[in-house]
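Descriptive analysis of the structure
Chain by chain, the residues run as shown.
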Amino acid sequence: MGSEVPTVMNIAPYRHVLAQPGMRWLMFVGLLARIPATAAGMAITLHVVTSLDLNFTEAGIAGAVTMAGVGVGSPILGRLVDKVGLRPVFAVTTIAQAIYWAAAPSLSYPVLVVSAGLAGFASLPIFSVMRQFVAALVTQEHRRPAFALDSMAVELSYMAGPALAVAAVTAFGSPATLYGVGAGLVLAGIVLFAMNPPIRSAAEEQEQADAAPIPRRQWLRPSFLMLLVVTAATTLILSATELSVVAVLEGAGSTQWTGLVIALWCVYSLIGGFVYGALSRGLSPLVLTAGLGALTIPLALLAGPWWWLIAALIPCGLLCAPSLASTVDSVSQLVPAAARGEAMGLHGTALTCGIAIGAPFAGAIIDNLGPQWGFAAAGLTGVLIVAVAIPFWQRTPRPALTFD
């Protein structure tokens with residue numbers, strides 16, 4: 001890990017990535033396709049609270065069941081993409097999403113929860129397949145800036161999606177918003193089905209055609225498993241930090257500034273992602289996640305007006321997108337192209353698990369020790385997880401399974 005030190009930064013890597021045939025259009029479509037996906041959770045939450053007149057706990061249960069479905073379905077759908085290709089998977093999942101979102105506004109709460117789990121299982125694998133597309137379109141030495149761009153696109157979609165859901169529910173009501181989210185997801189599925197971007201490069205396709213099937217034990221190794229654990233630690237820190245920001249501002253009587261603070265935190269992440277992708281050398285995901293955790297811990301010492309939090313979030317905020325981008329880049333290095341869909345699905349499951357654990361974990365700390373201690377607990381947990389992962393990461397050599 002220590003040898004991976006960044007040197008000079010320039011934007012030439014981004015120019016090279018975006019010069020690849022079809023890459024600019026794919027990045028644009030991927031950004032738009034993710035917006036309804038990121039709006040879905042907020043739309044369901046507000047529907048449960050406003051139209052079904054239930055509480056936030058019940059809304060949270062619906063969200064948790066959805067995430068559980070996504071976590072279980074992601075690697076399965078990824079493996080199907082590897083085996084049968086993109087179009088059959090997108091055809092089935094697009095139809096499933098059309099049925100769910102068309103019915104969701106009229107469902108009772110118990111039926112909605114069960115349906116949300118099934119819809120999560122059969123959700124469009126937009127996030128994981130976008131990373132497959134990126135890995136297929138650029139060679140290994142250019143994947144870091146490519147994945148940095150992808151992480152920035154994800155950040156933008158998370159900035160836009162939930163905000164648009166809130167605005168739509170306020171203006172049109174939750175049933176119309178659910179229909180709109182469903183329409184957006186169906187449109188995204190149709191467009192990606194029509195585009196049918198490659199999930200492997202031409203060289204990788206030839207290599208796979210000439211080679212025997214690769215057993216899981218060849219790539220599902222301790223190093224890869226520890227990478228998944230570190231990936232989950234990254235989103236645990238981010239999820240817990242977000243909730244801690246909300247709690248700290250609420251405790252200070254500054255709830256009205258929550259949107260601004262979180263939006264600026266996302267901007268810091270975008271800046272960090274851009275800088276990271278432009279560096280001539282990268283950093284290990286273990287280094288970045290440990291740094292993210294270590295820089296989150298001092299937020300527990302924050303005392304002052306709300307705008308202090310805006311400044312205090314800069315150091316850890318700059319490492320958000322780089323931490324996530326480095327985990328995706330490492331997946332592409334540790335796993336052969338023939339199993340990339342399943343591996344990216346497992347990576348998506350790890351992201352989901354971290355988000356699912358982070359919020360209740362931070363909530364328990366906040367309720368018992370106070371809002372600011374959520375930052376300390378999240379950061380310290382991330383650092384400890386990385387410490388546990390280090391021996392496995394160092395002792396397991398990187399297998400030569402890439403074909404670039």
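Below is a summary of the structure that appears in this document. Note that the structure is a prediction, hence the values are computed from the model and not measured.

The next thing to look at is unusual backbone geometry. Even without being a glycine, Asp53 presents a positive backbone phi close to 60 degrees. Tracing the backbone through its elements, the reader meets Asp53 in the loop between helix H2 (23–51) and helix H3 (56–84). Since its relative accessible area comes to 65%, Asp53 is described here as exposed. A positive phi angle, close to 50 degrees, is found at Asn196, a residue other than glycine. Position of Asn196 relative to the elements: it lies in the loop between helix H8 (174–195) and helix H9 (202–210).

This paragraph deals with the packing of helix H7 (residues 143–172) against helix H11 (residues 258–278). H11 packs onto H7 with a crossing angle of 170 degrees between their chain directions and a minimal axis gap of 8 Å. Considering their axes alone, H7 and H11 lie roughly antiparallel with respect to each other. Two secondary-structure elements touch here, H7 through Arg144, Pro145, Ala148, Met152, Glu155, Leu156 and Met159 and H11 through Ala263, Cys266, Val267, Ser269, Leu270, Gly273, Phe274, Tyr276 and Gly277. Within the contact of H7 with H11, the residues separate by chemical class into eleven nonpolar, three polar and two charged.

Our focus in this paragraph is a nonpolar patch on the surface. Residues Ile11, Val267, Ile271, Phe274, Val275, Ile314 and Leu318 make up a contiguous nonpolar surface patch of about 490 Å² in total accessible area. Looking at the nonpolar patch, the element that brings in the most residues is H11, giving four residues. Following the sequence through the fold, Val275 ends up in helix H11.

A word on H8. An α-helical turn contains 3.6 residues, so a residue and the one three or four places further along point in the same direction. For H8, which comprises 22 residues, the first-to-last C-alpha distance of 31 Å matches the rise-based estimate of 32 Å (1.5 Å per residue) to within 8%. Considered for burial, the residues of H8 that qualify are Ser174, Thr177, Leu178, Val181, Gly182, Leu185, Val186, Ala188, Gly189 and Leu192. Tucked into the core, H8 has its buried residues touching H2, helix H4 (86–103), helix H6 (126–137) and H7.

With that settled, the discussion passes to the pattern of salt bridges. Applying the stated criterion to the full structure yields three salt bridges. Among the salt bridges present, the one from Arg79 reaches Glu342, with a minimum N-O distance of 2.9 Å. Pair noted here: Arg79 is in helix H3 and Glu342 is in helix H16 (residues 340–369), with a separation of 263 residues, a long-range link. You can call Arg79 partly exposed: its relative accessible area is 32%. Asp150 is paired through a salt bridge with Arg131; the nearest N and O atoms lie 3.4 Å apart.

We now examine the packing of helix H10 (residues 222–251) against helix H15 (residues 320–334). Contact geometry for H10 and H15: axes closest at 10 Å, N-to-C directions at 160 degrees. One way to sum up the angle between H10 and H15 is to call them roughly antiparallel. Crossing geometry of H10 relative to H15 is assigned as left-handed. Across from Ser223, Phe224, Leu227, Thr231, Thr234, Thr235 and Leu238 in H10, the residues of H15 making contact are Cys320, Ser323, Leu324, Thr327, Ser330, Val331 and Leu334.

Assessed through its relative accessible area of 8%, Glu342 is described here as buried. Beyond its immediate sequence surroundings of up to four residues, Glu342 is in contact with Pro75, Gly78, Arg79, Asp82, Arg216 and Trp219.

Another aspect to go through is the nonpolar core. Core analysis: the largest hydrophobic core is formed by 37 residues, its most contacted members being Ile44, Tyr100, Trp101, Leu112, Ile126, Phe133 and Val181. Secondary structure elements with two or more residues in this core: H2, H3, H4, helix H5 (109–121), H6 and H8. When residues in this core are grouped by element, the largest group, nine residues, is from H2. Excluding anything up to four places from it in sequence, Trp101 contacts Ala40, Ile44, Leu178, Tyr179, Val181, Gly182 and Leu185. With 33 residues, the next largest nonpolar core counts Met23, Met226, Leu334 and Ala350 among its residues.

Conventions used here
Residues numbered from 1 in each chain as written. Predicted model: local features only at pLDDT ≥ 70, side-chain atom pairs only at ≥ 80, totals over all residues. Heavy atoms only, no water. Helix = DSSP H or I, 4+ residues; strand = E, 2+ residues; numbered from the N terminus. Buried < 20%, exposed > 50% of the residue type's maximum accessible area, 1.4 Å probe, protein only. Axes fitted to C-alpha atoms, helices over the stretch in contact; angles between N-to-C directions. Parallel < 35°, antiparallel > 145°, perpendicular 65-115°, else oblique. Contact = heavy atoms within 4.5 Å. Nonpolar A, V, L, I, M, F, W, Y, C, P; charged D, E, K, R; others polar. Patch = residues over 30% accessible without salt bridge, like charges linked within 9 Å, V, L, I, M, F, W, Y side chains within 5 Å. Areas by Shrake-Rupley, 256 points an atom, 1.4 Å probe, with all protein chains shown as cover. Salt bridge = Lys/Arg side-chain N within 4 Å of Asp/Glu carboxyl O. Expected span 1.5 Å × (residues − 1). Left-handed = near helix turned anticlockwise from the far one by under 90°. Core = buried A, V, L, I, M, F, W, Y, C linked by side-chain atoms within 4.5 Å.

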